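Geometric and topological summary
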Amino acid sequence: MTTASAPGKIILFGEHAVVYGRPAIAVPVRHVRATAEVQPLEAQPRGVIRIESHQIDLSGWMDALDPNHPIRRIVELTLLEVGASDFPALSVDIRSTIPVAGGLGSGAAVSVAVARALSQQLGKPLPNERVNALAFEIEKIHHGNPSGIDNTVVTYDCPVYFRRGQPVGSFPVGKPLTLLVGDTGLSASTATAVEGVRVRWERDRQTFEAIFDSIGVTVDRAREAIVRGENQRLGPLMDHNQELLEAMGVSAPELRRLVWAAREAGARGAKLSGAGGGGNMLALVDETSVDAVAVALRAAGAVSVFPTVVS
Ligand code: PMV
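In this text, all values refer to a predicted model and were calculated from it rather than measured experimentally. (Residues numbered from 1 in each chain as written. Predicted model: local features only at pLDDT ≥ 70, side-chain atom pairs only at ≥ 80, totals over all residues. Heavy atoms only, no water.)

Structural notes on the packing of aromatic side chains
To keep things clear, this is the line we draw: Two rings from Phe, Tyr or Trp (for Trp, the six-membered ring) form a pair when their centres sit within 6.5 Å of each other. Planes less than 30 degrees apart are called stacked, planes more than 60 degrees apart edge-to-face, and all others tilted. Runs of E in the DSSP output that reach at least two residues are strands. Runs of H or I that reach at least four are helices, and both are numbered from the N terminus. We call a residue buried when its accessible area falls under 20% of the maximum for its residue type, exposed when it is over 50%, and partly exposed in between, using a 1.4 Å probe and counting protein chains only.
This structure, assessed with the given rule, holds three aromatic pairs. Consider the rings of Y20 and F212, whose centres lie 4.5 Å apart with planes at 20 degrees: the pair is stacked. Of this pair, Y20 sits in the loop between β1 (2–13) and β2 (24–40) while F212 sits in helix α6 (residues 205–228), and the two are 192 residues apart along the sequence. The pair Y20 / F212 is uniform in exposure class, with both members buried. Taking the centre distance of 6.1 Å and the plane angle of 75 degrees together, the rings of F208 and F212 count as edge-to-face. One end of the pair, F208, and the other, F212, are both in helix α6, four residues apart, so they sit about a helical turn from each other.

Things to note about the site of the ligand
Note the threshold: Note on definitions. A residue lies near a molecule or strand when any single heavy atom of the residue is within 4 Å of it. Each polar contact in these results corresponds to two N or O atoms within 3.5 Å; when the atoms are within protein, one needs to be able to donate a hydrogen and the other to accept it, and residues that are neighboring in sequence are counted only if both atoms are side-chain atoms. Computed with the Shrake-Rupley method and a 1.4 Å probe, the accessible areas treat only the protein chains shown as cover for residues. Method remark: on a 1 Å grid restricted to protein atoms, a set of points is classed as a cavity if a 1.4 Å probe fits but cannot get out and as a pocket if it is open with protein on both sides within 12 Å along at least five of seven lines; lining residues have an atom within 4 Å of a point. Molecule-in-pocket calls rest on the fraction of atoms, with more than half required to lie within 2 Å of the cavity or pocket grid points. Gly is placed with the polar residues, together with every amino acid not listed as nonpolar (Ala, Val, Leu, Ile, Met, Phe, Trp, Tyr, Cys and Pro) or charged (Asp, Glu, Lys and Arg). Either an automatic procedure or a domain database provided the assignment from which the domain bounds are taken.
As a structural note, the neighbourhood of the ligand is formed by 16 residues, with K9, H16, S147, D150 and A275 the closest of them. Here an oxygen atom of the ligand and a side-chain polar atom of S147 are 2.5 Å apart. Separating an oxygen atom of the ligand from a side-chain N or O atom of D150 is a distance of 2.9 Å. Taken by itself the ligand offers 370 Å² of open surface, and the protein chains cover 97% of this. In this structure, the ligand is accommodated by the largest pocket. Listing elements by their share of the shell around the ligand, those giving two or more residues are β1, α4 (149–156) and α5 (190–203). In terms of residue class, the shell around the ligand is made up of seven nonpolar, six polar and three charged. Split by domain, the shell around the ligand shows at least three residues from each of two domains, domain 1 (2–162) and domain 2 (172–310).

Observations concerning the pattern of salt bridges
Put simply, the rule is: We count a salt bridge whenever a side-chain nitrogen from Lys or Arg sits within 4 Å of a carboxyl oxygen from Asp or Glu.
According to the stated counting rule, one finds 21 salt bridges in the structure shown. In this structure, R50 and E52 form a salt bridge, with 3.2 Å as the shortest nitrogen-oxygen distance. What makes R50 partly exposed here is its relative accessible area of 22%. For E52, a relative accessible area of 22% puts it in the partly exposed group. One salt-bridge network, held together by shared partners, links E195, R198, E202 and R205.

As for the environment of G47
This is how it is decided: We call two residues in contact whenever any of their non-hydrogen atoms come within 4.5 Å of each other.
The topology assignment puts G47 in the loop between β2 and β3 (49–53). Classification of G47 by relative accessible area gives partly exposed; the value is 34%. A C-alpha to C-alpha distance of 18 Å links G47 and A36, two positions 11 residues apart in sequence. Apart from the residues lying within four places of it in its own chain, the contact partners of G47 are F87, P88 and A89.

Geometric descriptors of this kind do not, in isolation, establish any biological role.
Here it is, written out as structure tokens:
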């Protein structure tokens, strides 16, 4: 039997603009994970695969799934990648504690965990670079036009400075950052949000390109502050990034409510994270504010609040 897993992720800075070639920063969130367990299935014909995915109540033979089902596709792409044509019947059992459609990278983490566990079970473990490339193909099914940031941070499991089409850049974290992640409880489609931005960008390219440029500058300042351990500089940068996301039209009243509640309770900065429209937001806190901000987020409607440390 082979088991592999991958963490969730949050985007600290730069979502949406990253689709248009600007940089973004994302970090793994390790207390939520997707895990895949692959093992031989007794008394079944060679080459058949049974898939269980508990979080989405999926249980059945792979061939019976829609040909575009993301789990079927990652299994098939992995088989192709390792050149497996004749193998004993297998079961692929997927468990994930990463909320679906919340901007925490659940789809990417499932793809990465499955590609790793299956390739290992078949005796040809794939290097990160290939796992990342396969997971990116599946992100296209999930998101239409993904930048590739989700699969990258989830595969490499470290803070990444990401720019479409460029080699993955990591960076040192000068001083640990504590963030609270607050969930609006609204599931939101990344594909819809990304498409909405595209439509608005088509209508007014000049304004949107200026917003994306401004986000790019914010991302670079944030990276510099993180590397230098100048965490106090990050709060205003998060607030500024949030304003630009508001201007892009990807926020939502529920997100705004949590962002404002966090700031009023003493967070140094707060913003939505991921595609927006629902999903999660982030608040930058320290030891003195963490409890009050968590209480305020719950009072403002967050259905879950958890801390994560970037180090
Ligand atoms: O999957 P999410 O909700 O974290 O959003 C992905 C981030 C976007 O920039 C909105 C899209 C992308 O592919 O980069």
